[in-house]
Amino acid sequence: MEKKIRVLVAKVGLDGHDRGAKVLARFLRDSGFEVIYTGLHRTPQEVAMAAVDEDVDVVGISLHSGAHLALVPKVINYIREYGGNPDEMLVLVGGVIPTDDIVELKKMGVDEVFIPGTPISEIVEFIKIKLPEKRKKNES
Amino acid sequence: MKVEELVEGLLSGNRRALARAITYVENDYPESKEIMKRIFTKTGKAHIVGLTGFPGVGKSTLVSKLTEEFRKRGKKVGIVAIDPGSPFTGGALLGDRLRLDGMDSRKPLWTDPGIFFRSMSSRGRAGGLAAKTGDVVRLLDAFGFDVILVETVGAGQSEVDIIEVADTSVVVMMPETGDEIQINKAGILEIGDIYVVNKADLGGAEKVERWLKYMLSLDEESVQMLSQMTHADEARVASGEFFERRKGWNPPVVKTVADKGEGIAELADAIEEHFKYMKETGLIEKRRRERMKRELFEIVTDDIIKLVKEKTNYRDVIEKLVRNEIDPYTAAERIVEEVLKSGEKG
């Protein structure tokens, strides 16, 4: 049996805008992924430990609060601290993110940033293509 | 990770190793058999508690509150929460974890090292559990959790697989889900060691409580009546292990309001009491014996089918069956003979 791709859809920090995350969770489900949704207001530690315990392949962080540069690197660092390996998974960010910050986030280890209006099929394709690519690169 | 690394890590308390071992087992990787072989002797200590009930009765919220309560009592808690996987796309939305701590981030349930929460998809399987639930529970057991809570898929009326895994089965209900006829139907409402009427602050909770108690009193009468019948043994066989299962134990009915934390301590007491009762009366060994027998037979069956596929020309036999040249009973006898002979040769 082919392993199912597990995706954590996370809302971090003080941000009550969960429509996007919920719609994404639903469409990823329809695309055959196993999706774990965290609910609102999680801390970076909570998201990181969930990512490790649930052994997910993809961590998708949704932010509309403007605190992405502060919170996203924390999630990545805590995943490492809890014994996980961010190089084995895809770290995706979604939300209202200024173009300059997208460059910054990618330097911090984020694989891709999706801004409002992105077709969900694009996110699905990205995961299906990039996850095996990144794993291969990490192994060699 | 290699099997050795995983097993050592798991047994020495490394969460990452536990998480990865679960992935291997859940997906039936070739390494999973070896992992299970190596950890099995370390299992058998945990109290495995199953929670089942209709969708939306509050199972996940109860799991969260019970986890908190058992942590207060100094116990380490592992949780396996199963949600339905789509039989069409294979996808799943696993939404049990988000109830953990009821979004109150002052409670550190998500980052407490004494808690491990794993979401699983049923992957289209009926029965209320995921295929590998039993083995995943064993991994948590070997890791050293004292209590393991297994939350089933929101079950309908006949999803009773939880009794194959749990020592204590908790059936969760709520007001206004049906009358006493619903409660007397077979299936999920026969399997409880403990019954919970959640959302007890809604109207009608007393009615459900009364109906449940009435149903349970009828169970006792049924047992008595059966034992007085001249063909009592046959009746016992016909009614399966059901009446034997909880002989001597009167399942309590506990009222809770999970999101407000009401009745949770009482429920935790009832769960602990049931465990104590089972250990004192030897019921736990009896249940585990039944379970091990079933599991052993399942594994042996799988192995034999594998042998049939490898060692016999079963495809030809199927063709003959299709053409009505042979009957299935004779065909099966010949295949069994062939397998046995191949064993002698090899």
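Residues numbered from 1 in each chain as written. Chains lettered and ligands numbered in written order. Predicted model: local features only at pLDDT ≥ 70, side-chain atom pairs only at ≥ 80, totals over all residues.

Draft legend 1. Local environment of the interface of chain B and chain A. Contact residues are listed per partner, giving 28 residues for chain B and 29 residues for chain A. Contributing elements (two or more residues each) for the side of chain B that touches chain A: helix H2 (15–26), strand S3 (92–94) and strand S4 (115–121) of chain B. Looking at the side of chain B that touches chain A, its residues break down into ten nonpolar, twelve polar and six charged. Relative to S3 of chain B, strand S2 (residues 34–37) of chain A is paired through three bridges, and the arrangement is parallel. Pairing of Ile36 of chain A across the sheet is with Leu94 of chain B, part of S3 of chain B. (Contact = placed C-beta atoms within 7 Å. Helix = DSSP H or I, 4+ residues; strand = E, 2+ residues; numbered from the N terminus. Nonpolar A, V, L, I, M, F, W, Y, C, P; charged D, E, K, R; others polar. Pairing = 2+ DSSP bridges.)

Draft legend 2. Quick peek at the pairing of strand S3 (residues 58–63) of chain A. Residues and elements named next belong to chain A. Among the six residues that make up S3, six are buried, leaving the element largely enclosed by the rest of the structure. In this structure, strand S1 (residues 6–11) lies alongside S3, joined through five bridges in parallel fashion. By the bridge assignment for S3, Lys11 is matched with Ser62. In this structure, S3 lies alongside strand S4 (residues 90–95), joined through six bridges in parallel fashion. Of the residues in S4, the one forming a bridge with Ser62 is Gly94. (Buried ≥ 20, exposed ≤ 12 C-beta atoms within 10 Å, placed from the backbone.)

Draft legend 3. Up close: the confidence of the model for chain B. Residue and element names in this part refer to chain B. Across chain B, the average pLDDT comes to 88, with 91% of residues at 70 or higher. Ranking the elements of chain B by mean pLDDT puts helix H8 (residues 232–238) last with 53 and strand S5 (residues 147–151) first with 97. Under the prediction, the complex receives an ipTM of 0.92, its pTM being 0.89. (pLDDT = per-residue confidence, 0-100.)

Draft legend 4. Representation of the pairing of strand S6 (residues 168–173) of chain B within the structure. Residues and elements named next belong to chain B. Of all six residues in S6, six are buried; the element is thus mostly enclosed. Residues Thr168, Val170 and Val172 line one face of S6 and the alternating positions Ser169, Val171 and Met173 line the opposite face, and both faces are buried. Relative to S6, strand S1 (residues 47–53) runs parallel, the two sharing five bridges. Among the inter-strand pairings, Leu51 is bridged to a residue of S6, identified as Val170. Pairing geometry for S6 and strand S7 (residues 194–197), over four bridges, is parallel. Bridge assignment links Val171 to a residue of S7, and that residue is Tyr195.

Draft legend 5. Spotlight on helix H3 (residues 68–81) of chain A. Residue and element names in this part refer to chain A. The terminal C-alpha atoms of H3 lie 20 Å apart, and with 14 residues this matches the ideal 20 Å at 1.5 Å per residue to within 8%. For H3, the full list of buried residues reads His68, Leu71, Val72, Val75, Ile76, Tyr78 and Ile79. Angular distribution of buried residues about the axis of H3 spans 165 degrees; they occupy a single face of the element. Count one or two residues on from H3 and you reach Gly83, which has phi positive near 95 degrees. (Expected span 1.5 Å × (residues − 1). Arc of directions from axis to C-beta.)

Draft legend 6. Looking closely at the environment of Met108 of chain A. Residue and element names in this part refer to chain A. Tracing the backbone through its elements, the reader meets Met108 in the loop between helix H4 (99–107) and strand S5 (112–114). Residues Met108 and Val72, 36 residues apart in the sequence, show an inter-C-alpha distance of 8.4 Å. Aside from chain neighbours lying at most four places away, what touches Met108 is Val72, Pro73 and Ile76.

Draft legend 7. Main features of the nonpolar core. Core analysis: the largest hydrophobic core is formed by 125 residues, its most contacted members being Val35 of chain A together with Leu139 of chain B. The element that contributes the greatest number of residues to this core is H2 of chain B, accounting for seven residues. Lining this core are residues from two domains, each supplying at least three of them: domain 1 (1–42) and domain 2 (44–282) of chain B. Discounting chain neighbours no more than four positions away, the residues touching Leu139 of chain B are Leu10, Leu18, Ala21, Ile22, Val25 and Ile39 of chain B. (Core = buried A, V, L, I, M, F, W, Y, C linked by C-beta atoms within 7 Å. Domains from an automatic or database assignment.)

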